[in-house]
Amino acid sequence: MNKDFIMRNGIWVLLISFALYLLKPALAEQNTIFFIVAMEAIALALSSIALFAYSKINFTENQNNSNMGLIFLGVHLSVGLGVVGIYIMQI
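Residues numbered from 1 in each chain as written. Predicted model: local features only at pLDDT ≥ 70, side-chain atom pairs only at ≥ 80, totals over all residues. Heavy atoms only, no water.

S.K.: Describe the overall build of the protein chain, with residues and values.
M.R.: Of the regular secondary structure elements, the protein chain holds 3 helices and 0 strands. Ordered by position from the N terminus, the helices and strands of the protein chain form the series α-α-α. Relative to its full complement of 91 residues, the protein chain shows a buried share of 11%. Within the structure as shown, the protein chain displays about 7,900 Å² of accessible surface, and the carbon and sulfur contribution to it stands at 74%. (Helix = DSSP H or I, 4+ residues; strand = E, 2+ residues; numbered from the N terminus. Buried < 20%, exposed > 50% of the residue type's maximum accessible area, 1.4 Å probe, protein only. Areas by Shrake-Rupley, 256 points an atom, 1.4 Å probe, with all protein chains shown as cover.)

S.K.: So what about the confidence of the model for the protein chain? Which residues, and what values?
M.R.: When pLDDT is averaged along the protein chain, the result is 76, and 84% of the positions lie at 70 or above. For the protein chain, helix 1 (residues 2–23) is the element with the lowest average pLDDT, namely 75, and helix 3 (residues 66–90) is the one with the highest, namely 81. (pLDDT = per-residue confidence, 0-100.)

S.K.: Lay out the side chain of His76 with the relevant residues and their values.
M.R.: Within the secondary structure, His76 is located in helix 3. Here His76 falls in the buried class, since its relative accessible area comes to 18%. Discounting chain neighbours no more than four positions away, the residues touching His76 are Glu40, Ala43, Leu44 and Ser47. (Contact = heavy atoms within 4.5 Å.)

S.K.: Please provide a residue-by-residue account of the nonpolar core, values included.
M.R.: Core analysis: the biggest nonpolar cluster contains 6 residues, these being Ala43, Ala50, Leu51, Ile71, Val75 and Val79. Broken down by secondary-structure element, the contributors of at least two residues to this core are helix 2 (27–54) and helix 3. For Ala43, the contacting residues outside a window of four places in its chain are Val75, His76 and Val79. (Core = buried A, V, L, I, M, F, W, Y, C linked by side-chain atoms within 4.5 Å.)

S.K.: Could you give an account of a nonpolar patch on the surface, with specific residues and numbers?
M.R.: Taken together, Ile11, Trp12, Leu14, Leu15, Ile16, Leu20, Ile33, Phe34 and Val37 make up a surface patch of nonpolar side chains, about 930 Å² in accessible area. Those elements that provide at least two residues to the nonpolar patch are helix 1 and helix 2. Among the elements that line the nonpolar patch, the one with the most residues is helix 1, at 6 residues. Val37 gets classed as exposed once you look at its relative accessible area, which sits at 52%. (Patch = residues over 30% accessible without salt bridge, like charges linked within 9 Å, V, L, I, M, F, W, Y side chains within 5 Å. Salt bridge = Lys/Arg side-chain N within 4 Å of Asp/Glu carboxyl O.)

Have a look at this one:
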């Protein structure tokens, strides 16, 4: 399992590491990157909670992914608008 994970995601880790090395981000940029990652993790968690709460479809058996995509899109738009609203209020 670890080898499969490394094979699938190794190139992304290398590209991100190389990009961060070239950019040499300061503390403010690092905090922004960590904030974006944290907000995306929260959005993914909220998407899975929304799928569980609002849908009784077993997505492993039924291949109708349009509902799942719409829930995912709606949660991410809501989280994104919330982050932009908080950012604007802090300025």
